Amino acid sequence: MDLKLQLEVFFSCVILKLLQSQHGASYQQQEVAMEALVHFCRQKSFMAEMYANSDCDITCRNVFKDLANLLSKSAFPVNYPLSVISILALDGLIAVIQGMARLRIQLLF
């Protein structure tokens, strides 16, 4: 339970705040935060576990949804030009989809 809360706080208070431009983070800080998020997304079962432990638990903040929304908005920016962060976010979205598909295949067999 403690690790679950620590992950929720880390992603909510560090990663998400750095990646949301209204909190005053520099572009370099945002890029590093996006790289860190993408590295987490590439872990084999990380995002599936985030879904199971945050989205499906009514006592926790829905960190999975927040991360997926942020990746989606960053990958396809409406009012901003494409950037390195956009490409990283798209890579993160692909990693999330692959991780969820991998989990689905494991559950089927």
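Look up: the structure comes first, before these words.
Summarised in this report is the structure supplied together with it. Remember, predicted model here, so these are calculated numbers, not experimental data. (Residues numbered from 1 in each chain as written. Predicted model: local features only at pLDDT ≥ 70, side-chain atom pairs only at ≥ 80, totals over all residues. Heavy atoms only, no water.)

## With respect to the side chain of S74
What counts here: Only DSSP runs of H or I with at least four residues qualify as helices, and only runs of E with at least two residues qualify as strands; both kinds are numbered from the N terminus onward. Classification of residues uses two cut-offs on accessible area relative to the type maximum, computed with a 1.4 Å probe and protein chains only: under 20% is buried, over 50% is exposed, and between them is partly exposed. In this description, contact between two residues means that some pair of their heavy atoms is separated by no more than 4.5 Å.
As for its position among the elements, S74 is in helix α4 (residues 63–75). Accessibility expressed as a relative area gives 15% for S74, which makes it buried. If we ignore the near neighbours within four places in the chain, the residues touching S74 are M34, I85, S86 and A89.

## Observations concerning the layout of surface pockets
Where we set the bar: The way it works is a 1 Å grid over only the protein atoms, where trapped points that fit a 1.4 Å probe form a cavity and open points with protein on both sides within 12 Å along at least five of seven lines form a pocket, and then any residue with an atom within 4 Å of a point lines it. Grid points are joined across faces, edges and corners, and a volume is the space filled by probe spheres set on the points. Classes in brief: Ala, Val, Leu, Ile, Met, Phe, Trp, Tyr, Cys and Pro nonpolar; Asp, Glu, Lys and Arg charged; the others, Gly included, polar.
Of the voids in this model, the largest pocket is the one considered here, and its volume is about 630 Å³. In terms of lining, the largest pocket is formed by 23 residues, of which the most central are L19, S21, K73, S74 and Y80. Elements supplying a minimum of two residues to the lining of the largest pocket: α1 (2–19), α2 (27–42), α4 and α5 (84–108). Tallying contributions element by element places α4 first for the lining of the largest pocket, with five residues. Grouping the constituent residues of the lining of the largest pocket by class yields 11 nonpolar, nine polar and three charged.

## Some points on the packing of aromatic side chains
Applied cut-off: Only Phe, Tyr and Trp rings are paired, with Trp represented by its six-membered ring, and only when their centres lie within 6.5 Å; those with planes under 30 degrees apart are stacked, over 60 edge-to-face, the remainder tilted.
Within the structure shown, the criterion is met by six aromatic pairs. With a centroid separation of 5.1 Å and 75° between ring planes, the pair formed by F11 and F40 is classed as edge-to-face. In this pair, F11 sits in helix α1 while F40 sits in helix α2, placing the two residues 29 residues apart along the sequence. Judged by relative accessible area, F40 falls into the partly exposed class, the value being 27%. On the numbers, 5.1 Å between centres and 35° between planes, the contact of F40 with F46 is tilted. According to the relative accessible area criterion, F46 is buried, its value standing at 12%.

## Side note on the packing of helix α3 (residues 46–55) against α5
Worth spelling out the cut-off: Throughout, an axis means a line fitted to C-alpha atoms (over the contacting stretch in the case of helices), and angles, computed between N-to-C directions, take values from 0 to 180 degrees. Roughly parallel means an angle under 35 degrees; roughly antiparallel means over 145; roughly perpendicular covers 65 to 115; every other angle is labelled oblique.
Following both chains from N to C, one finds α3 and α5 inclined at 75°, their axes separated by 7 Å at the closest point. Overall, the two elements α3 and α5 adopt an arrangement that is roughly perpendicular. Mapping the contact onto sequence places M47, A48 and Y51 in α3 and V96, M100 and L103 in α5. In terms of residue class, the contact of α3 with α5 is built from six nonpolar, no polar and no charged.

## Regarding the pattern of salt bridges
The line we're drawing: Salt bridges are defined by distance alone: a side-chain nitrogen of Lys or Arg within 4 Å of a carboxyl oxygen of Asp or Glu.
For the structure shown, the criterion picks out two salt bridges. The salt bridge partner of D91 is R42, with a shortest N-O separation of 2.0 Å. Of this pair, D91 sits in helix α5 while R42 sits in helix α2; the two residues are 49 residues apart in sequence, bridging distant segments of the chain. You can call D91 partly exposed: its relative accessible area is 27%. For R61, the salt bridge is made with D66, and the minimal N-O distance between the two is 2.9 Å.

From the geometry alone we can't say anything about function, so treat these as descriptive.
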